[in-house]
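Remarks on the overall topology
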Amino acid sequence: MMPNVRSRQFWLPHPLFSLFLALLWLLMVNDLSVAHALLGLALGVAIPIVTHAFWPEEAKIRRPLPLLRYLGMLLVDILRSNLVVALRILRPARQLRPGFFTYPLTLDDDFAITLLASTISLTPGTVSLHYDGEANTLLIHALHLEDEAEAIAAIRTRYEQPLEEIFR
């Protein structure tokens with residue numbers, strides 16, 4: 001007899017997230033007792049059930065291999081940006097030119113736009129501040145902005161174009 005798919009989706013709408021929540025609970029309480037493991041599992045099941053109505057539809061990743069390349073590149077960019085920001089801040093003569101700029105999006109997938117905004121905020125030195133859905137733009141703050149056009153071109157080639165390939 002096959003288990004009812006709808007029943008599984010109700011009790012475990014996001015199984016990986018449930019597992020993540022249970023493990024996160026165990027790490028937060030720093031206790032591997034049976035009671036805390038059961039409580040972590042209960043929270044891991046209950047939280048996704050209660051919040052399921054607020055979740056957007058599932059992302060439609062069309063090409064997983066480019067996603068792995070994207071994640072690897074993002075990790076390298078985060079490490080490199082950390083070093084650059086640290087050097088700029090620690091220099092005796094701080095020659096920082098902070099600035100805001102508007103980034104015109106070509107993405108139309110909500111999940112891909114969210115990933116792009118998160119990516120921009122994850123790389124030190126830049127923060128994605130506001131998404132304008134009507135103009136399809138992101139407002140971005142950069143710790144050091146020398147050339148707005150260059151910053152836009154870098155985001156487009158390093159992040160937005162790979163995301164278009166992943167979600168196309």
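As recorded in an unreviewed UniProt entry, the protein goes by the name Na+/H+ antiporter subunit E, listed as coming from Halomonas saccharevitans. Database annotation for the protein, UniProt heading Subcellular location (unreviewed entry): "Cell membrane". Annotation of the protein in UniProt includes, under Sequence similarities (unreviewed entry), the sentence "Belongs to the CPA3 antiporters (TC 2.A.63) subunit E family."

**With respect to the packing of helix α5 (residues 110-122) against helix α6 (residues 148-167)**
Pairs of packed helices are described in terms of their axes, by the angle between the two and the distance that separates them. The interhelical angle for the contact between α5 and α6, taken along N-to-C directions, is 150 degrees, at an axis separation of 10 Å. Overall, the two elements α5 and α6 adopt an arrangement that is roughly antiparallel. Crossing angle aside, the handedness with which α5 passes α6 is right-handed. In this structure, α5 uses Phe-111, Ala-112, Leu-115, Leu-116, Thr-119 and Ile-120 to contact α6, whose residues at the interface are Ile-155, Tyr-159, Glu-160, Leu-163 and Phe-167. Its residues placed into classes, the contact of α5 with α6 shows nine nonpolar, one polar and one charged.

**A few points about helix α2 (residues 15-29)**
For α2, with 15 residues, the first-to-last C-alpha span of 21 Å sits near the 21 Å given by 1.5 Å per residue. Taken as a whole, α2 has its buried residues at Ser-18, Leu-21, Ala-22 and Leu-26. Seen end-on, α2 carries its buried residues on one side only, within an arc spanning 135 degrees. Away from the buried face of α2 by more than 90 degrees, exposed residues Leu-16, Leu-27 and Met-28 are located. The elements touched by buried residues of α2 are α3 (34-51).

**A few points about the UniProt feature "transmembrane region" (unreviewed entry) in the protein**
Residues annotated in UniProt with the feature "transmembrane region" (unreviewed entry) correspond here to residues 12-28 and 34-55. Taken end to end, residues 12-28 is 82% helix and 0% strand, and its first and last C-alpha atoms sit 22 Å apart. Across residues 34-55 one finds 82% helix and 0% strand; the C-alpha atoms that close the span lie 30 Å apart.

**A short note on the pairing of strand β3 (residues 137-142)**
By the bridge criterion, six bridges tie strand β1 (residues 99-104) to β3 in an arrangement that is antiparallel. Residue pairing across strands places Gly-99 opposite Ala-142, the latter belonging to β3. Looking at chain direction, strand β2 (residues 126-132) and β3 are connected through six bridges and run antiparallel. From the neighbouring strand, Asp-132 faces β3, where its bridge partner is Thr-137. Taken together, β2 and the strand that follows it, β3, pair antiparallel across an intervening segment of four residues, in which Asn-136 is found at a positive phi of about 55 degrees.

**Digging into unusual backbone geometry**
Leaving glycine out, the prevailing phi sign among residues is negative, and the prevailing peptide bond configuration is trans. Notably, Asn-30 is not glycine yet its phi reads approximately 55 degrees, a positive angle. The topology assignment puts Asn-30 in the loop between α2 and α3. Its identity is not glycine, yet Asn-136 carries a phi of approximately 55 degrees, on the positive side. Along the chain, Asn-136 turns up in the loop between β2 and β3.

**Considering the sheet that holds β2**
Read from one edge to the other, the open sheet built from three strands follows the order β1-β3-β2, with strand pairing classed as antiparallel. Edge positions in the open sheet fall to β1 and β2, since each of these has one partner strand only. On average, each strand axis in the sheet is tilted by 25 degrees relative to the strand beside it, whichever way the strands run. Packing of α5 onto the sheet brings it into contact with β1, β2 and β3, and relative to β2 it is tilted by some 150 degrees.

**Thoughts on the packing of aromatic side chains**
Scanning the entire structure with this criterion turns up three aromatic pairs. Consider the rings of Phe-17 and Phe-20, whose centres lie 6.3 Å apart with planes at 25 degrees: the pair is stacked. Of this pair, Phe-17 and Phe-20 are both found in helix α2, three residues apart, which corresponds to roughly one turn of the helix. Phe-20 sits in the partly exposed class, given a relative accessible area of 46%.

Parameters at a glance
- Residues numbered from 1 in each chain as written.
- Predicted model: local features only at pLDDT ≥ 70, side-chain atom pairs only at ≥ 80, totals over all residues.
- Heavy atoms only, no water.
- UniProt positions renumbered as here; feature names shortened; annotations may be inferred.
- Axes fitted to C-alpha atoms, helices over the stretch in contact; angles between N-to-C directions.
- Helix = DSSP H or I, 4+ residues; strand = E, 2+ residues; numbered from the N terminus.
- Parallel < 35°, antiparallel > 145°, perpendicular 65-115°, else oblique.
- Left-handed = near helix turned anticlockwise from the far one by under 90°.
- Contact = heavy atoms within 4.5 Å.
- Nonpolar A, V, L, I, M, F, W, Y, C, P; charged D, E, K, R; others polar.
- Expected span 1.5 Å × (residues − 1).
- Buried < 20%, exposed > 50% of the residue type's maximum accessible area, 1.4 Å probe, protein only.
- Arc of directions from axis to C-beta.
- Pairing = 2+ DSSP bridges.
- Phe/Tyr/Trp six-rings, centres within 6.5 Å; stacked < 30°, edge-to-face > 60°.

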